[in-house]
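These are the residues of each chain, in order.
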Amino acid sequence: MSALLRQIPANIPQDIRKIRIENSHLTELPRGSFENVSALEYLWLNFNNITVMHIKSLEYLPALKELRLQGNKLSSVPWTAFQDTPALKILDLKHNRLDVLPEHALRYLPNLTYLDLSSNQLTVISRDVFYNWPIYQRSQRAEGQIEPVSNAVLALHDNPWICDCRLRGFVQFIKSVGPPIILMNSYLTCSSPKFRAGKFFHEVELNSCMKPLTSALDTNLTVLVGLNVTLTCFVKASPSPTVWWTYALKLLRAFNVSTEPISEDTVRSELLIPAARPMDAGNYTCTAANFLGNASATITLSVETLWATPASWAPMAPAEPGAHVEVRIAKQTVYGITLEWFAAAAAAAEPAETWYTLLVGRYDAAQKDAIYIGPGVNTYSVTDLLPATKYEVCVAVRNQAPRKGQCVVFVTGSDVSQLEQREKLIHIIVIVCAMVLAVPAGMYACTAEARPGCLARCPGACPRRRRGGQAQAAGSKESTLDSLPAGSEDGLCRPEGGRSARRSPAREEPGKTRPPHRNSADLY
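As the structure is a computational prediction, the values presented were derived from the model and not from experiment.

Cut-offs used in this document
Residues numbered from 1 in each chain as written. Predicted model: local features only at pLDDT ≥ 70, side-chain atom pairs only at ≥ 80, totals over all residues. Heavy atoms only, no water. Pairing = 2+ DSSP bridges. Helix = DSSP H or I, 4+ residues; strand = E, 2+ residues; numbered from the N terminus. Buried < 20%, exposed > 50% of the residue type's maximum accessible area, 1.4 Å probe, protein only. Contact = heavy atoms within 4.5 Å. Core = buried A, V, L, I, M, F, W, Y, C linked by side-chain atoms within 4.5 Å. Axes fitted to C-alpha atoms, helices over the stretch in contact; angles between N-to-C directions.

1. Observations concerning the sheet that holds strand S20 (residues 293-304)
Turning to step 1, where the next piece is worked out: Taken together, five strands build an open sheet; the order of strands is S13-S20-S19-S15-S16 and the sheet is mixed. Strands with a single pairing partner mark the edges of an open sheet, and in this sheet they are strand S13 (220-224) and strand S16 (250-251).
Turning to step 2, where the next piece is worked out: Two elements, strand S15 (residues 242-247) and strand S19 (residues 282-290), share six bridges in a ladder whose sense is antiparallel. What sits directly across from Val-243, in S19, is Ala-288.

2. Describing the pairing of strand S18 (residues 266-273)
Turning to step 1, where the next piece is worked out: With eight bridges joining them, strand S14 (residues 229-238) and S18 adopt antiparallel strand pairing. If you follow Phe-234 over to S18, its bridge partner there is Arg-268.
Turning to step 2, where the next piece is worked out: As defined by bridge partners, strand S17 (residues 257-261) adjoins S18 across five bridges and the pair is classed as antiparallel. Its bridge partner lying in S18, Ser-258 is registered against Glu-270.
Turning to step 3, where the next piece is worked out: Where S17 folds back onto S18 in an antiparallel hairpin, the turn is made up of four residues.

3. A look at helix H3 (residues 168-176)
Turning to step 1, where the next piece is worked out: Listed as buried for H3 are Gly-169, Phe-170, Val-171, Phe-173 and Ile-174.
Turning to step 2, where the next piece is worked out: Buried residues in H3 make contact with helix H1 (128-131), helix H2 (134-141), strand S9 (161-162) and strand S10 (181-183).

4. Points about the side chain of Ser-118
Turning to step 1, where the next piece is worked out: Relative to the elements of secondary structure, Ser-118 occurs in the loop between strand S7 (114-116) and H1.
Turning to step 2, where the next piece is worked out: According to the relative accessible area criterion, Ser-118 is buried, its value standing at 3%.
Turning to step 3, where the next piece is worked out: Setting aside residues no more than four positions away along its own chain, Ser-118 makes contact with Lys-94, His-95, Ala-155, Leu-156, His-157 and Asn-159.

5. Topic: the nonpolar core
Turning to step 1, where the next piece is worked out: One finds Leu-45, Leu-67, Trp-79, Leu-91, Phe-130, Phe-170 and Phe-201 to be the most contacted residues of the largest nonpolar core, which totals 57 residues.
Turning to step 2, where the next piece is worked out: In terms of residues, this core owes the most to one element, H3, which gives four residues.
Turning to step 3, where the next piece is worked out: Core analysis: the next-biggest nonpolar cluster, separate from the first, contains 22 residues, Ile-337, Leu-358, Tyr-380 and Tyr-391 among them.

6. Regarding unusual backbone geometry
Turning to step 1, where the next piece is worked out: With an omega of 15°, the peptide bond between Pro-179 and Pro-180 qualifies as cis.
Turning to step 2, where the next piece is worked out: Secondary-structure assignment places Pro-180 in the loop between H3 and S10.
Turning to step 3, where the next piece is worked out: Residue Ser-238 is joined to Pro-239 through a cis peptide bond whose omega torsion reads 5°.
Turning to step 4, where the next piece is worked out: Assignment of secondary structure puts Pro-239 in the loop between S14 and S15.

7. Quick word on the sheet that holds S18
Turning to step 1, where the next piece is worked out: Taken in spatial order, the four strands line up as S12-S14-S18-S17 in an open sheet, and their pairing is antiparallel. Two strands lie at the open edges of the sheet, namely strand S12 (210-215) and S17, each paired on one side alone. Put simply, the sheet's adjacent strands are angled 20° from each other on average, direction ignored.

These values are about where atoms sit, not about what they do.
This is the structure:
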C-alpha cells in the first residue's frame, strides 16, 4: 500500500494467491506481468495511474477469479485479454475513463457474476453488448426450464449517457432487463441533449435514427443594401446533426450562426448577415450531417442598391455643425476602389440610426447619382468605372450636403486589352491619389486624365525636381493639378532638357520668366 512501485515486482512467490497493490505509481500492465504466479486468484490494483493494459497482460492466470482496477486512468480495455482468465467472476472498472464498450466486450467473460462500469465516460453503447454476454444467452435458453441460472450484478450508473436514437436499443434493454441480470442502480439518467438532461431511462421514448433532411422556407431572398438579413434553414435528423454554412465554398464564421433545437428531431439554423452589401449577394449553403449521412439546402440572396434619381448638391440640406464625416481610400483593385468613412461628433452619437448618402459620378458632372447606405455600414466599393475618366465620390450624413474634406477624387487608367497591364495602371494612379489625400483639403493628386506614357515618365523626373526645386518649396499652392484642363499633360512631364514637352506659344511673353509648373510627384 502506497509503495513507490513503478512496475509489478518480478520476485513474487509462485504459489501466492492474492496480490494487492494500491495507491502506488503503476502506469501500465505490460505483457506477461504475472507469468510466474499462475496460482493467482485475486488481483487488486486500485487507485494507481494505470493508463495502458497490454492484450497479454493477464496471460498465465487461468485461476484468476477477481480483478479490481478501480480509480485508474484506463480509457480503453483490451477485452480479448480475458480469454486468458476463463474463471473470472468479478471485474471492477469503476472510476476510470472508459468511453467505448464494443459489441464483443463481454463475450469472453462466461462466468462473470459482477461487472462494475459505473463512473466512467460511457455515452452510447449498443444493446448487442449484452446480447452477446454468455450469461444473458444462457438465461434466454433456460426460460421454462427448472434449472436455475446464477445471477449477475451489473453497474452502469453515473455515466454521461446521450439519450438520442443511438441509445434507443440500450434503453429498451434496460427497461426490460431482469434476473439473472440485476442492475445495481436501475435509475440510469440522461445527461444530454439538454431537453432530456436529468430524465430517467424509463421516462424517455427514443425514435429511430434518421439521415438529415434540410429545407428552407424561402430559397430566394432580396434585401436592400445596408439592412440586416437572416437566412434560415431547418434540419430534421436524428441524432442531432452538425450544421454549418458556406458561401462561395468558404466556411462562414461560427459567431454569425446560431443553431437551436425546436423539437425532438428538428433544429433551426440561422445565418445573420449584418448590413448587407452588394458583395454579399450569392448562394449560401446550409449543410447538416450526422453519422448516417448529410444533406444541404441553398438560399440565394440578392442585394439591391437604392438608386435615386440623379441628384445635385443644391436640394440637399445645409450641413449641421458636428456632422462631419472623414473619408479615405481603404483599398484599390483592378475594378475600382473601396471607400471607408468615419463619422465624428453628432454623426457618431447614434451610429445604429445614422444613414449616409454617397454621391458618385464624373468629376465635371453637374449631377451625380445618390446611393443611400443604412446604419452600421462604413465601407463601399465603387466599381464598373470607365477608363481614363476622372471621378468624384462624396460621403455625407443623409440629407446633408458634403462638407470640405468629405470627397475623394481619382482617375482611372486607360483601358487596355491585357488585364495585367490594366491592373498596374489602376494601381499606380489610385495609390498616388491615396497618398496625396493626406495633404490639406482641396489638393487632389490626380485631376487630369493623363496618358499612361506620361505618368510612366514622371517617377524618373521626380528625383531631379526634388534636388533642383528646394528653393521653390514655398511657391504658390494654387499651382496644383486641379488648375489643369481635362486631358492636358502640360506640367506633368518634361523632357531631359527641362523644358515642357508641350508648350502653348500663346502663353509665352517675351522677357518674362515662366514660373515652374508642379506635377503630381511635387505634391509629395
